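Here is what each chain is made of, one letter per residue.
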Amino acid sequence: MELRDDELLHYITTEDPAEAEALFARAREVRSSHYGQDVYFRGLIEFSNYCKNNCYYCGIRAGNPRVERYRLSLEEMLSCCRMGDLLGYRTFVFQSGEDPWFTDDRIVEMLEAVRREFPDNAITLSIGERSRASYERFFRAGANRYLLRHETASEEHYRKLHPPTMSLQERKQCLWDLKGIGYQVGAGFMVGTPFQTPENLLGDLRFLQKLEPQMVGIGPFLPQEDTPFGKHPQGSFEQTLRMVALTRLLLPKALIPATTALGTIAPQGREKGLMAGANVVMPNLSPKEVRKLYALYDHKICTGDEAAECRVCMEGRIRNFGFVPNMARGDAAGWNRSA
Ligand code: SAH
């Protein structure tokens, strides 16, 4: 769908609930025309909270001495997968900080082990920026998808959220590399990060249109008290929902998760995300003991539940809103697995 800059800016900023509801209804129509009422389930495994980066917003940044650090062993990761597979998950998402202990060799070893045991499941990586050569190795070892939010498409804004050692250009290059290699790619951004303007959000949407990622992760900024942004206000729930809806209109076939951050900022936040055009949920498969430690922001939900409880809880929640759980691999519509 074509939308002009002024139209997008209008919806980015409107506070009229009736207008927002009309936008969500259009987004739901577009979503249903490609995916019906189906909501895809992905099992999330947060396997390390070590990170060499110092993003000003993130709770597991290297410079936060108050984080109790952990790494899952390969055996622990495989048990998460086994539990997930038993519960019906056909996509495993491996996410971590940028942890140098996980060299390319170690990631490849992990991918090969998971691929061997679960030949038909999709494997998604979300481990940050690496070289094109590393991404190629991971792809050959069995990874199919990669999540790397661009965070903000504006150079100026990016510099306000990250230390000078990090660059937006490199992050964007990673996304283009991943696409070129043949991954299904997920980009995305936070809503309401400090210093963000409506024009920045417009820029995020225009960047998504250019990149055409198969997946888009959008969540509100939530402060974590031990970070430089710990005292900044959280992002707006309503604005996050509008960004989900606008993304659905611009990228009709995208797989868009109703994120944990959305579930954290408001009761039934994830369900409302689905009502605004999202069509994926990512319940947690990480061992219960480490969930609290993967604290990107404060008050994260579902940290006390077992994987099986998350699966059942999420299914009930989405059915209550008229959606249908889909446990299949759920590649992007039109995606050709053998290509
Ligand atoms: N190291 C990986 C995974 C990052 S964590 C990578 O670089 O891609 C996944 C996402 O959590 C980040 O991309 C960011 O958008 C989001 N995030 C981090 N801190 C957050 C916060 N304080 N509030 C909301 N979302 C946050």
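Notes on the structure follow. Computed from a predicted model, the values in this text were never measured in an experiment.

### Some remarks on the site of the ligand
Taken together, 18 residues surround the ligand, and among them Tyr 57, Ser 96, Arg 149, Glu 151 and Leu 222 come closest. Between the ligand and Arg 149, the relevant distance is 2.9 Å, taken from an oxygen atom to a side-chain nitrogen or oxygen of the residue. Leu 296 is positioned such that a nitrogen or oxygen atom in its backbone is 3.4 Å from a nitrogen atom of the ligand. For the ligand, whose accessible area on its own is 550 Å², the fraction buried by protein is 91%. Considering only residue class, the shell around the ligand consists of 10 nonpolar, 5 polar and 3 charged.

### Thoughts on the sheet that holds strand E5 (residues 145-147)
Read across the sheet, 6 strands follow the order E2-E3-E4-E5-E6-E7 without closing on themselves; strand pairing throughout is parallel. Both outer strands of the open sheet, strand E2 (43-48) and strand E7 (215-220), are each paired with one neighbouring strand and no more. The sheet shows a mean angle of 20 degrees between the axes of neighbouring strands, direction not considered. By the bridge criterion, 5 bridges tie E2 to strand E3 (residues 91-96) in an arrangement that is parallel. In the strand pairing of E3, Leu 44 is matched with Val 93. Along the sheet, helix H3 (residues 74-86) makes contact with E2 and E3, crossing E3 at roughly 145 degrees. Contacts from helix H8 (residues 198-211) reach strand E6 (184-191) and E7 within the one sheet, and its direction differs from that of E6 by about 175 degrees.

### Observations regarding the sheet that holds strand E1 (residues 38-41)
With respect to topology, 3 strands assemble into an open sheet ordered E8-E1-E9, the strand pairing being parallel. Of all strands in the sheet, those bounded by a partner on one side alone are strand E8 (280-281) and strand E9 (324-326). Examined bridge by bridge, E1 and E8 share 2 bridges and lie parallel to one another. Within the sheet, the bridge partner assigned to Phe 41 lies in E8 and is Val 281. Against the sheet, helix H13 (residues 307-320) touches E1, E8 and E9, its axis set at about 165 degrees to E1.

### Focus on the nonpolar core
Most often, soluble globular proteins keep nonpolar side chains buried together rather than apart. If you look at the biggest cluster of nonpolar residues, it comprises 99 residues, and the most contacted ones within it are Phe 94, Leu 125 and Phe 138. Here this core takes 8 residues from helix H9 (residues 237-250), the largest share from any one element. Setting aside residues up to four positions removed in sequence, Leu 125 forms contacts with Phe 94, Ile 107, Met 110, Leu 111, Phe 138, Ala 143, Arg 145, Tyr 146 and Leu 147. Judged by nonpolar contacts, the second largest core, of 9 residues, contains Leu 44, Val 93, Met 215 and Val 280.

What counts, and where the lines are drawn
Within each chain, residues carry numbers counting from 1 in the order of the written sequence. Reporting of local features is limited, given that this is a predicted model, to residues whose pLDDT is at least 70; pairs of side-chain atoms are given and counted only at 80 or more, and all residues count toward the totals for whole chains, interfaces and linings. The side-chain quantities take in all heavy atoms of the structure and omit both hydrogens and water. If a single non-hydrogen atom of a residue is within 4 Å of a molecule or strand, that residue counts as near it. As used in this structure description, the phrase polar contact means that two N or O atoms lie within 3.5 Å; if the pair is within protein, one of them must be able to donate a hydrogen and the other to accept it, and residues adjacent in sequence are counted only when both atoms belong to side chains. For the accessible areas, the method is Shrake-Rupley and the probe is 1.4 Å, while residue cover comes only from the protein chains on display. Three categories are distinguished: nonpolar for Ala, Val, Leu, Ile, Met, Phe, Trp, Tyr, Cys and Pro, charged for Asp, Glu, Lys and Arg, and polar for the others, with Gly belonging to the last. At least two DSSP bridges between two strands are needed for those strands to be called paired. Strands here mean DSSP runs of E at least two residues long; helices mean DSSP runs of H or I at least four residues long; both are numbered from the N terminus. Angles run from 0 to 180 degrees between N-to-C directions of axes, and those axes are lines fitted to C-alpha atoms, restricted for helices to the stretch in contact. Residue contacts are defined here by distance: any two heavy atoms, one from each residue, within 4.5 Å place the two residues in contact. Buried residues of nine kinds, namely Ala, Val, Leu, Ile, Met, Phe, Trp, Tyr and Cys, make up a nonpolar core once their side-chain atoms join them within 4.5 Å. Burial status follows relative accessibility: with a 1.4 Å probe on protein chains alone, a residue under 20% of its type maximum counts as buried, one over 50% as exposed, and anything between as partly exposed.

What is shown is where atoms sit, not what they do.
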